[in-house]
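Per-entry structural report
Chain residues, written in single-letter form:
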Amino acid sequence: MTHLTPLRRGFALFALALGGFGIGVTEFATMGFLPEIAHDLLPGFAESPDTVIARAGWLITAYALGVVVGAPTFAVLAARMSQTKLAFLLLGLFILGTIASVFMPTFGSLAIARFIAALPHGAYFGVASLLAARIMGPGMQGRGIALALSGLTVANVVGVPIATWIGQVAGWRWAYVLVAVIFTATLLLCVAFLPRFPGNPSRSAMRELSALRNYRLWIMIGVGAIGFGGFFAVYSYIAEVTTRLTGLPEAAVPWVLAGLGLGMTIGNLAGGWASDKDLTRTIVFGFSSFIAVLIAYALVAWHPVGLIVTTFLLGVTSSVLMPSIQSRLIRVSGEAALFGAAINHAAFNVGNSLGAWLGGLAIAGGLGYLAPGWVGVVLGVIGMALALAGIAVERRDKARNLDTVGVAVPR
């Protein structure tokens, strides 16, 4: 790689983060203008708006499914490709899927466009994390991951409210135009400033898939899918808690979510720094504090102050975990680093669906709007148990390797 000037390095890292910002906007803003989409594309809105909006929620499911399918697929098929060229390809697909979303005339065709737009999601975060770490230098993997994710967290503070407002005022299609512009700007910046890293011709699809034989990888996938599901159990129903339980007006919902997004931004940066210092301690501390905040949420979020404070802290603690879980997945993936980095986001989207579903079951069962907090506690405890199991397995394997070469190991 040629020497990078500080200016070029800064623009390259900004471009990677901007892509994450676009992903955050396209994924989360859709939730904000679902009523507008339902009104335009689905029949029966005037007679039963709640039912029709619920049907429109399949757009969220289509996007999540696209992430789960696309993350491992691109990681495997692009095993030999230059990471730089892969980033260009993924951004091009983002643009294509988003522009298609603008022009789709029916709900079914829009769902297909959202699925296509989601396919590069996990692979982009994976390759952006690896590229950022390479640009930043040795020992910076956690901070590289945090930088790639920083756009996602900032999007929850700034981009999502703006896109939601555009979708509600000018029409939802214009919100997707904004997203397409963001991805186009990202691609142009990446082409201009990203260093051209060569591919690895020795890699193959089968070598990437061989990572799936590693049970430590499956343990960490479970950590992301189950443990992080605790966050989505709460996140999915914050609007209802804000308006129906605390008595705050509907206008307060964006501010509560913005506070959560601010917490996520802080936690993500702290988690990236801490992961580079001590990955194991970051995971243990992250889960411990995450579970403690979920308990506090379930106990005090009925009060406006309790809601605002606990959702902010939920953003901090959950996002401390994001770069640490991804760093550990990359570590246990061995040579299949892109596969490990990408599969992490597929796991998070499984957690999205799992947490929202279980939280909804708790509310439908008459347990109240704070019940998802206790669901989150259970999922968080399971996630922490899996993380501790993975750490124990790694230590055991290291001890066995040392014994094999005749090194004394403390018992």
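Residues numbered from 1 in each chain as written. Predicted model: local features only at pLDDT ≥ 70, side-chain atom pairs only at ≥ 80, totals over all residues. Heavy atoms only, no water.

A separate point is the overall build of the protein. Helix and strand content of the protein: 18 helices and zero strands. Seen along its three principal axes, the alpha-carbon backbone of the protein occupies a region of about 75 × 50 × 35 Å. Among the 411 residues that make up the protein, the fraction classed as buried is 57%. Partitioning the contacts of the protein with sequence separation of at least 6, the portion at a separation of at least 24 is 81%. With the model as given, the accessible surface of the protein reaches about 17,100 Å², and the carbon-plus-sulfur share is 72%. Charged side chains in the protein number 24 positive and 14 negative. The centres of these two groups are separated by 14 Å. (Helix = DSSP H or I, 4+ residues; strand = E, 2+ residues; numbered from the N terminus. Buried < 20%, exposed > 50% of the residue type's maximum accessible area, 1.4 Å probe, protein only. Contact = heavy atoms within 4.5 Å. Areas by Shrake-Rupley, 256 points an atom, 1.4 Å probe, with all protein chains shown as cover. Lys, Arg positive; Asp, Glu negative; His and termini not counted. Charge placed at Lys NZ, Arg CZ, Asp CG, Glu CD.)

With that settled, the discussion passes to a nonpolar patch on the surface. A cluster of nonpolar side chains, namely Leu245, Ile295, Leu299, Val300, Trp302 and Trp374, defines an oily patch on the protein surface of about 560 Å² accessible area. Counting residues per element, the nonpolar patch draws most heavily on helix H15 (residues 279-300), which supplies three residues. Secondary-structure assignment places Ile295 in helix H15. Its relative accessible area of 32% is what places Ile295 among the partly exposed residues. (Patch = residues over 30% accessible without salt bridge, like charges linked within 9 Å, V, L, I, M, F, W, Y side chains within 5 Å. Salt bridge = Lys/Arg side-chain N within 4 Å of Asp/Glu carboxyl O.)

Time to look at the pattern of salt bridges. Evaluation of the coordinates by the stated rule reveals one salt bridge. In this structure, Asp278 engages Arg281 in a salt bridge whose closest nitrogen and oxygen atoms are separated by 3.5 Å. The class for Asp278 is partly exposed, based on a relative accessible area of 29%.

Let us look at the packing of aromatic side chains. This structure, assessed with the given rule, holds 12 aromatic pairs. Pairing Phe94 with Tyr124 gives two aromatic rings, centres 6.1 Å apart and planes at 75°, and the pair type is edge-to-face. Placement of Phe94 in helix H5 (residues 83-103) and of Tyr124 in helix H7 (residues 121-136) is noted, with a sequence separation of 30 residues between them. Here Phe94 matches Tyr124 in class, with each residue buried. Ring centres 5.6 Å apart and planes at 35° place the aromatic pair Phe228 and Phe231 in the tilted group. Here the two residues Phe228 and Phe231 agree in accessibility, since each one is buried. Grouped by ring-pair contacts, the aromatic residues Phe228, Phe231, Phe232, Tyr235 and Phe348 constitute a single cluster. (Phe/Tyr/Trp six-rings, centres within 6.5 Å; stacked < 30°, edge-to-face > 60°.)

Right, let's talk about helix H16 (residues 304-332) for a bit. Compared with an ideal rise of 1.5 Å per residue, which puts 29 residues at 42 Å, H16 spans 42 Å between its outermost C-alpha atoms and is within 8% of the ideal. Taking burial as the measure, the 29 residues of H16 include 22 buried ones, the bulk of the element. (Expected span 1.5 Å × (residues − 1).)

Contact geometry of H5 with helix H6 (residues 107-118) gives a least axis separation of 8 Å together with a crossing angle of 165°. The orientation of H5 relative to H6 falls into the category roughly antiparallel. Crossing angle aside, the handedness with which H5 passes H6 is left-handed. Residue-level inspection shows Leu93, Phe94, Gly97, Thr98, Ala100 and Ser101 of H5 in contact with H6, the latter providing Leu110, Ala113, Arg114, Ile116 and Ala117. Class assignment for the residues of the contact of H5 with H6 results in seven nonpolar, three polar and one charged. (Axes fitted to C-alpha atoms, helices over the stretch in contact; angles between N-to-C directions. Parallel < 35°, antiparallel > 145°, perpendicular 65-115°, else oblique. Left-handed = near helix turned anticlockwise from the far one by under 90°. Nonpolar A, V, L, I, M, F, W, Y, C, P; charged D, E, K, R; others polar.)

Looking at the element boundaries, Gly22 is found in helix H1 (residues 6-32). Taking the C-alpha atoms as reference points, Gly22 and Phe94, separated by 72 residues in sequence, lie 9.2 Å from one another. Discounting chain neighbours no more than four positions away, the residues touching Gly22 are Val179, Ile182 and Phe183.

This part is about the confidence of the model for the protein. Chain-level pLDDT for the protein is 84 on average; 92% of the residues reach the 70-or-more range. The element-level mean pLDDT for the protein is lowest in helix H10 (residues 205-209), coming to 69, with helix H9 (residues 172-193) highest at 95. In this model residues 405-411 is a low-confidence stretch, pLDDT under 50, and it forms five contacts with partners more than four residues away in sequence or in other chains. (pLDDT = per-residue confidence, 0-100.)

Contact geometry for H5 and H7: axes closest at 10 Å, N-to-C directions at 145°. Crossing geometry of H5 relative to H7 is assigned as left-handed. Between H5, through Gln83, Thr84, Leu86, Ala87, Leu90, Leu91 and Phe94, and H7, the contact on the second element is made entirely by His121, Ala123, Tyr124, Val127, Leu130, Leu131 and Arg134. Residue composition of the contact of H5 with H7, by class: 10 nonpolar, three polar and one charged.

What follows deals with the side chain of Asn352. Tracing the backbone through its elements, the reader meets Asn352 in helix H17 (residues 337-364). When its relative accessible area of 11% is taken as the criterion, Asn352 is described as buried. Residues in contact with Asn352, not counting those within four places in the same chain, are Glu27 and Phe232.

A separate point is the environment of Trp302. Note on placement: Trp302 falls in the loop between H15 and H16. Sequence-wise, Trp302 and Trp174 are 128 residues apart; in three dimensions their C-alpha atoms are separated by 36 Å. Ignoring sequence-local partners within four residues, the contact set of Trp302 consists of Leu245, Thr246 and Leu370. One polar contact links the side chain of Trp302 to the main-chain carbonyl oxygen of Leu299, over a distance of 3.2 Å. (Polar contact = N/O pair within 3.5 Å; in protein donor to acceptor, adjacent residues only side chain to side chain.)

Since there are 3.6 residues in each turn of an α-helix, residues three or four apart along the chain are aligned in direction. The end-to-end C-alpha separation of H15 is 31 Å, in line with the 32 Å expected for 22 residues at 1.5 Å each. The N-capping residue of H15, defined by a side-chain oxygen 3.4 Å from the backbone nitrogen of Thr280, is Asp278.

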